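Structural features, examined
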Amino acid sequence: MQLRELLENKKAAIVDRWCDLTLQVYPDESARLMRREKDRFQNPVGRVTRESLESLFDGLRTGRPPEEMTDALDGIVRIRAVQDLSCSAALAFIFELKRVVRDELGEEAVGRTPEAELSALEAGIDRLTLQAFDLFVLCRDKIHELRVGEIKRRTSVLFERMNDRPGEPTATTADCGPCDGVNGGCGA
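Residues numbered from 1 in each chain as written. Predicted model: local features only at pLDDT ≥ 70, side-chain atom pairs only at ≥ 80, totals over all residues. Heavy atoms only, no water.

Moving on, we come to a nonpolar patch on the surface. A grouping of L158, F159 and M162 is seen on the molecular surface, where their side chains present a nonpolar patch of about 300 Å² in accessible area. In this fold, L158 is placed in helix α7 (residues 115-163). (Patch = residues over 30% accessible without salt bridge, like charges linked within 9 Å, V, L, I, M, F, W, Y side chains within 5 Å. Areas by Shrake-Rupley, 256 points an atom, 1.4 Å probe, with all protein chains shown as cover. Salt bridge = Lys/Arg side-chain N within 4 Å of Asp/Glu carboxyl O. Helix = DSSP H or I, 4+ residues; strand = E, 2+ residues; numbered from the N terminus.)

Where helix α4 (residues 44-61) contacts helix α5 (residues 70-82), the axes come no closer than 8 Å and their chain directions differ by 145°. Crossing hand, α4 versus α5: left-handed. Here α4 contributes V45, V48, T49, S52, L53, S55 and L56 to the contact with α5, which in turn contributes A72, L73, G75, I76 and I79. (Axes fitted to C-alpha atoms, helices over the stretch in contact; angles between N-to-C directions. Left-handed = near helix turned anticlockwise from the far one by under 90°. Contact = heavy atoms within 4.5 Å.)

Okay, the nonpolar core next. Ranked by size, the top nonpolar core spans 41 residues in total, and within it L7, L73, V77, L97 and L121 carry the most contacts. Secondary structure elements with two or more residues in this core: α1 (3-9), α2 (11-22), α3 (28-36), α4, α5, α6 (87-112) and α7. Here this core takes 9 residues from α7, the largest share from any one element. In contact with L73, other than residues within four places in its own chain, are L56, I94, L128, Q131, A132 and L135. (Core = buried A, V, L, I, M, F, W, Y, C linked by side-chain atoms within 4.5 Å. Buried < 20%, exposed > 50% of the residue type's maximum accessible area, 1.4 Å probe, protein only.)

What follows is about α2. Across its 12 residues, α2 extends 16 Å between first and last C-alpha, which sits within 8% of the 16 Å expected from 1.5 Å per residue. All of the buried residues in α2 are I14, V15, W18, C19, L21 and T22. Viewed along the axis of α2, the buried residues span an arc of 160°, placing them on a single side of the element. (Expected span 1.5 Å × (residues − 1). Arc of directions from axis to C-beta.)

Residue position: R61 is located in helix α4. Among the polar contacts made by the side chain of R61, one reaches the side chain of E8 at a distance of 3.2 Å. Those residues in contact with R61 that lie beyond four places of it in its chain are R4, L7 and E8. (Polar contact = N/O pair within 3.5 Å; in protein donor to acceptor, adjacent residues only side chain to side chain.)

Structure, rendered in structure tokens:
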């Protein structure tokens, strides 16, 4: 039997187990809610996670290149990039698929499946992980860029407020103290 057929037959079990392992990074109560609640508005993270994993599994099962799975990967990676997770914790779920596939197919199925097919699947998982890493880094860079922009904006507003206070003199180099602006002042 071809690996694709075996994976199709075991799809529900594989995706369920992969989803459970993926949600383990969250606190127990949150993970239970994400597994149980199916409504996309009451459980957006669980819904995106489940849909992304199903799509990624289908892509890997059919041999699609990682570049064609960017949309499915993007949803789950964006969520994990804004959370307080290290890169390794955020992306470890992709590697878990290797173990889930081997466990769900069982030793007899793995032994009967051509090793080249299993190796190709695992190489696809590795390439998908690299794609996820690139997306994660882009998301984190954007988050840092937004944070720096917000700090700059707040600082600018603070300085504007300080300079706009009526009745309070603004500091100049001539007012700074002992050098009184002689020879260009101290630069304060």
